[in-house]
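# Results of the structural survey
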Amino acid sequence: MMASLKEVEEMMNCNSIQEMFLSLRQQEEKVTSDLDELLKNQAHLETKMRNLNQTLPQVTVVGKGCKILHNTIMNTNILAEKVSRKVRQLDTAKVLFLYTA
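Bear in mind that the values here come from a model prediction, so they are computed numbers and not experimental data.

Rules of the game
Residues numbered from 1 in each chain as written. Predicted model: local features only at pLDDT ≥ 70, side-chain atom pairs only at ≥ 80, totals over all residues. Heavy atoms only, no water. Helix = DSSP H or I, 4+ residues; strand = E, 2+ residues; numbered from the N terminus. Rg over C-alpha atoms; globule rule 2.2 N^0.38 Å. Buried < 20%, exposed > 50% of the residue type's maximum accessible area, 1.4 Å probe, protein only. Lys, Arg positive; Asp, Glu negative; His and termini not counted. Charge placed at Lys NZ, Arg CZ, Asp CG, Glu CD. Salt bridge = Lys/Arg side-chain N within 4 Å of Asp/Glu carboxyl O. Patch = residues over 30% accessible without salt bridge, like charges linked within 9 Å, V, L, I, M, F, W, Y side chains within 5 Å. Areas by Shrake-Rupley, 256 points an atom, 1.4 Å probe, with all protein chains shown as cover.

## A word on the overall build of the chain
Counting its secondary structure elements, the chain contains two helices and zero strands. Its C-alpha radius of gyration of 38 Å places the chain more than 25% over the 13 Å reference for a compact globule of 101 residues. The principal-axis extent of the C-alpha atoms belonging to the chain is close to 115 × 35 × 20 Å. Burial statistics for the chain: of 101 residues in total, 1% are counted as buried. Between the centroid of the 13 positive side chains of the chain and the centroid of its 12 negative side chains there is a distance of 29 Å.

## Considering the pattern of salt bridges
Counted by the stated rule, this structure contains two salt bridges. A salt bridge links Asp34 to Lys30, with the nearest nitrogen and oxygen atoms 2.9 Å apart. On the criterion of helical spacing, the pair formed by Asp34 and Lys30 is a turn pair, its members being four residues apart in helix H2 (residues 14-100). Overall, Asp34 belongs to the partly exposed group, its relative accessible area being 36%. The salt bridge involving Glu37 is made with Lys40; its shortest N-O contact spans 3.4 Å. A residue pair is termed a helical-turn pair when its members lie 3 or 4 positions apart in one helix, as Glu37 and Lys40 do in helix H2 at three residues. Overall, the relative accessible area of 60% leaves Lys40 in the exposed class.

## Some thoughts on a nonpolar patch on the surface
There is a patch of nonpolar side chains on the surface, built from Val31, Leu35 and Leu38 and spanning about 290 Å² of accessible area. Checked against the element boundaries, Leu35 lands in helix H2.

## Topic: the environment of Lys64
Relative to the elements of secondary structure, Lys64 occurs in helix H2. As for Lys64 and Leu79, which are separated by 15 residues in sequence, their C-alpha atoms are 23 Å apart.

## Examining a positive patch on the surface
Taken together, the side chains of Lys82, Arg85, Lys86 and Arg88 make up a positively charged region of the molecular surface. Along the chain, the position of Lys82 falls in helix H2.

Structure below.
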């Protein structure tokens, strides 16, 4: 972006230069403060990351166990439905037998 002639003249003014310098200084202080805050939290974040990396294998094992349990429940459900269907068929046959007898 090209500065206009007026902006260039303002930049050459001593007061404008001081204002820009103070503004830049404040921005630098804010950036420095933000960086210091991030660096303070770095150790804490690294510890949390290490802990997560240590628990990840356990979570994987639990996830696999959950899949196995899910499959077992689904198979049990299918078998229960088959047994229920057979019981209904037997009840129907019993009623028909008693009705025809």
